[in-house]
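# A structural walkthrough
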Amino acid sequence: MKNVAIPILIAVIFIIMAVYLVMFQVRETESVLVTRFGAPVREKTEPGLAWKWPAPIERVHRFDSRLRVLEGEFVETPTKGAVPIIVKPYIVWRVAEPLKFLNAVQTVGVAEDTLRSRINDTLGRVIGQHIFGEFVNSDPDKIQFDQIQMEMVKDLKVPVLENYGIEIKTVGIKQLKVSEDVTADVFERMKADRQRRTEATIAQGNAEATKIKTDANAKKTALLAAAEGRAKAIRGQGDAEAAQYYEMLEAAPELAMFLRDLEALLATLKDRATIVIPADVEPFKYLREMPSIEVQN
Amino acid sequence: MADKHGHEHGHRHIGHADHDEAEPKHVDAAERSLSEALGISFVILKVIMIVLVVAYLASGFRTVGSNEQALGLTFGKISGVGEARVLDHGWHWVFPYPIGEIVRIPVKKQIKLTVDRFWYEQTRNDILGDGPKPRRIVRDKLNPIREGYCLTRSEKQTTGVAAGRTPSARGHMLDTDGSDYNIVHSRWEVEYQIDNIGKFFTNVYVEDLDPGEVYEDVMIESTTPLLRSVVENAVATAMVQYSIDEALQSRDTIPRYVRQLIQRQLNLIESGVRVTSVQLVDVEWPKQVNEAFEAYFTASQTSQQAISEARTYAEQTLTDTGGQVAEPLYQELMKDDPDTDQLAYLWSQVAGQSQDTLAQALAYRTKVVEAAKANANYLKSILPEFRKRPELVTQRLYLDTIEQVLQNADEKFILQPSTNLKGQEIRILVNRDPSLKPKQVE
């Protein structure tokens, strides 16, 4: 048993050592360049295990392939209409092709310097193709800020990948500003604009308030007129209904007239009346003389 | 480390074996005891080896915290596919070094990022000073490097009226077809978390840990520049789409739009980061135009107040006129073809002045009808008697009335007519007593 175990053990150890020499891992976060006697032979960007010749023959160079962000500096550059604007760009980039990267820039620091100068060129080029009104415009449909940023990506992407093995994920403008002198003009304009709108607001407010009141009054008038009309109709109905009863009076028109007169008399002399009456009307005639009542039989 | 141990033990083991094999025939007691001792140490070594192998394998057990998710790497490649590759919190086994590796990333953690690069320059005193202090001297220009701001678009003007433009404003800035703009300061707060750890781990640069550093801190520190850039870009892109008034008033739609833009960009670069909240903490017009803006907002308020007062007046007027149904009634009346039932219903619900008018009319109707009815009935009731004895009935009615009239009269003068005093006149002094009041009308 021992005789078998020991050679196996030795074998295992040798295998492990050998494997160590000829294999290497590529992590998810890296890409790797293999060089043979200093000359690059192949690159490996997929993660996992890979083979190589032992150390002195082939060497492994690792590059972090994760996204890095580069903040640019403020750049003042003219738009198509020669209006200067100040922008600050940023770039998200990563090492995509280790071989080109190693040949062209080697380190992240150098890559960043290179990108900085290239982004400034790109900014100048792309911004110079657009008028200021495409950055900010009172008509939102004319704003092409998004497209401009995409153009920057396009402008930068291909040459940078071809020359440096750097992949540009995105390019954007972090800050969009105008030069110091222009801000004074902007403020003047903002003030004037505000003043105009202050006046407009006051005028509008007053106009609206007046209109609301006028409307209400008009409605009031209309409603009251309608109510009055309706009231008139109701009164008319009453009169019409009452008229039905007048027909009944036709049975004895004289009596009806007499009753009506009496009623009128009562109504007109109801209050605060002074009556002067001769003593020879009934029943005052009895103030002068006794009646002579004949008893009939 | 582990395999180095294995290596050393392996050598010792080999040495042993040689020794053992070389002298099997000596049965000498000392030799036997030596052989036994060697045998025992051989067994011990074996046990140690097994223990080491087990310990090595056991070292693959790792915990993932409750606020974390993890990825298992095998030979540097994420093991598993799709959902299965994410290890949730609990115990997990991965191959020990150098084959496997576990990467733990805090996913529940809400990382907060404050962006104040769009805010005006503040001195220490401005920030730390206690109480409201006057802002430092206002320059009439903004330095583009030191002072932060966004450009916002101008209000869309109808028919290109160049109202409010001052002659001092420079020509070429103004004549660029509606490219007027405003300047506004704003402050933002963004919260994000790692959403897809696979993408995050693969794509987002996180610095290697130095001894004593916590992954979370390093992760936040490493991702901040990326997030800051993306957020600033989104803010600058979003703000040009809004006017300064929208920016000042809407604390809702603009952040939502900014959030969309941030997320779009983060997805585009496959960062595996999700924005959970975007807040517009503060937004302010430049100090340089403070007076004009304050005046404007005061005017807005005043005019709003005037309008709301007018509304109150209108409501009051309508209620006084017609009560609650005044408005619907008015609308119905104004229709070309009003719905009669609806109108009748509304009239029945009417209140206020209109109702008074209607009530009076109704009262009149009742009165007139009732009076006519009463008269008719009265006539009807006395008619049979009248037909029988017309004179008596007439006289009685007449005298009853005269009696009533004379009772009601305040003053009565009964004059004796004289036949022999022609041409004479009688004067009666009607001395109305002012204290006499009309009788209460019932």
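Provided above is the structure to which this section pertains.
Since this is a predicted model, take the numbers as computed values, not measurements.

We now examine the overall build of chain A. Counting its secondary structure elements, chain A contains six helices and ten strands. Against the compact-globule benchmark of 19 Å for 297 residues, chain A has a radius of gyration of 55 Å, which places it well outside the compact range. With the principal axes as the frame, chain A shows a C-alpha extent of 175 × 75 × 30 Å. Counting all 297 residues of chain A, 41% fall into the buried class. Contacts spanning at least 24 positions in sequence make up 63% of the contacts within chain A whose residues lie at least 6 apart. Carbon and sulfur atoms make up 56% of the accessible area of chain A, which amounts to about 15600 Å² in all. In chain A, 40 positive and 42 negative side-chain charges are present, and the distance between their average locations comes to 14 Å.

Listed by partner, the interface residues are 127 residues for chain A and 152 residues for chain B. If you sort the residues of chain A by the area they bury against chain B, R189(A), R194(A) and R272(A) come out on top, with a joint share of 6%. Inspection of the region where chain A meets chain B yields ten salt bridges. Between R117(B) and E71(A) there is a salt bridge, and its shortest N-O distance comes to 3.3 Å. The tally of links between chain A and chain B comes to 29 residue pairs in polar contact (both at pLDDT 80 or more). The element best represented in the side of chain A that touches chain B is helix α5 (residues 180-249) of chain A, accounting for 48 residues. Looking at the side of chain A that touches chain B residue by residue, the classes come out as 69 nonpolar, 19 polar and 39 charged. One ladder, built from five bridges, connects strand β10 (residues 274-278) of chain A with strand β11 (residues 411-415) of chain B; its direction is parallel. For I275(A), the partnering residue across the bridge sits in β11(B) and is K412(B).

A cluster of acidic residues, E207(B), D208(B), D210(B), E213(B), D217(B) and E221(B), forms a negative patch on the protein surface. Examined against the element boundaries, E207(B) turns out to sit in the loop between α5 (197-203) and α6 (215-239).

Residue and element names in this part refer to chain A. The antiparallel open sheet is built from three strands, whose spatial order is β3-β2-β5. The two strands at the open ends of the sheet, each matched to only one other strand, are β3 (39-44) and β5 (58-64). Pairs of neighbouring strands in the sheet enclose a mean axial angle of 25 degrees, with direction left out of account. Both strand β2 (residues 30-36) and β5 contribute to a ladder of seven bridges, which runs antiparallel. By the bridge assignment for β5, T35 is matched with R59.

Conventions and cut-offs
- Residue numbering note: each chain is counted from 1, following its sequence as written.
- Written order decides the labels, with chains lettered from A and ligands numbered from 1.
- Whole-chain, interface and lining totals are the exception, using all residues; otherwise, since this is a predicted model, local features are given only for residues with pLDDT of at least 70 and side-chain atom pairs are given and counted only at 80 or more.
- Side-chain measures here rest on the full set of heavy atoms in the structure, leaving out hydrogens and waters.
- Here a strand is any run of E in DSSP of at least two residues, a helix any run of H or I of at least four, and the numbering for each starts at the N terminus.
- Every radius of gyration here is taken over C-alpha atoms, with the globule rule written as 2.2 Å times N^0.38, N being the number of residues.
- Each residue gets one of three labels from its accessible area relative to the maximum for its type: buried under 20%, exposed over 50%, partly exposed in between, using a 1.4 Å probe on protein chains only.
- In what follows, a contact means two residues having at least one pair of non-hydrogen atoms within 4.5 Å.
- The Shrake-Rupley method, run with a 1.4 Å probe, gives the accessible areas here. Residue values count only the displayed protein chains as cover.
- Charge convention: Lys and Arg are scored as positive, Asp and Glu as negative, and His as well as the terminal groups of each chain are ignored.
- All charge positions are set by atom: Lys at NZ, Arg at CZ, Asp at CG, Glu at CD.
- In this description, buried area is defined as the sum, over both parts, of the accessible area (probe of 1.4 Å) that is lost when the two are combined.
- Here a salt bridge means any side-chain nitrogen of Lys or Arg lying within 4 Å of a carboxyl oxygen belonging to Asp or Glu.
- Pairing of N or O atoms within 3.5 Å defines a polar contact, subject to two protein rules: one partner must be a possible hydrogen donor and the other a possible acceptor, and residues neighboring in sequence count only if both atoms are side-chain atoms.
- Residues were grouped as follows: Ala, Val, Leu, Ile, Met, Phe, Trp, Tyr, Cys and Pro as nonpolar; Asp, Glu, Lys and Arg as charged; and all remaining residues, including Gly, as polar.
- Here, any two strands with at least 2 DSSP bridges between them count as paired.
- Residues form patches when they are more than 30% accessible in relative terms and have no salt bridge. Like charges link within 9 Å. Nonpolar side chains (Val, Leu, Ile, Met, Phe, Trp, Tyr) link within 5 Å.
- An axis is simply a line fitted to the C-alpha atoms; with a helix, the fit covers only the stretch in contact. Between two such axes, the angle follows the N-to-C directions and lies from 0 to 180 degrees.

Any functional reading would require information beyond the geometric quantities listed.
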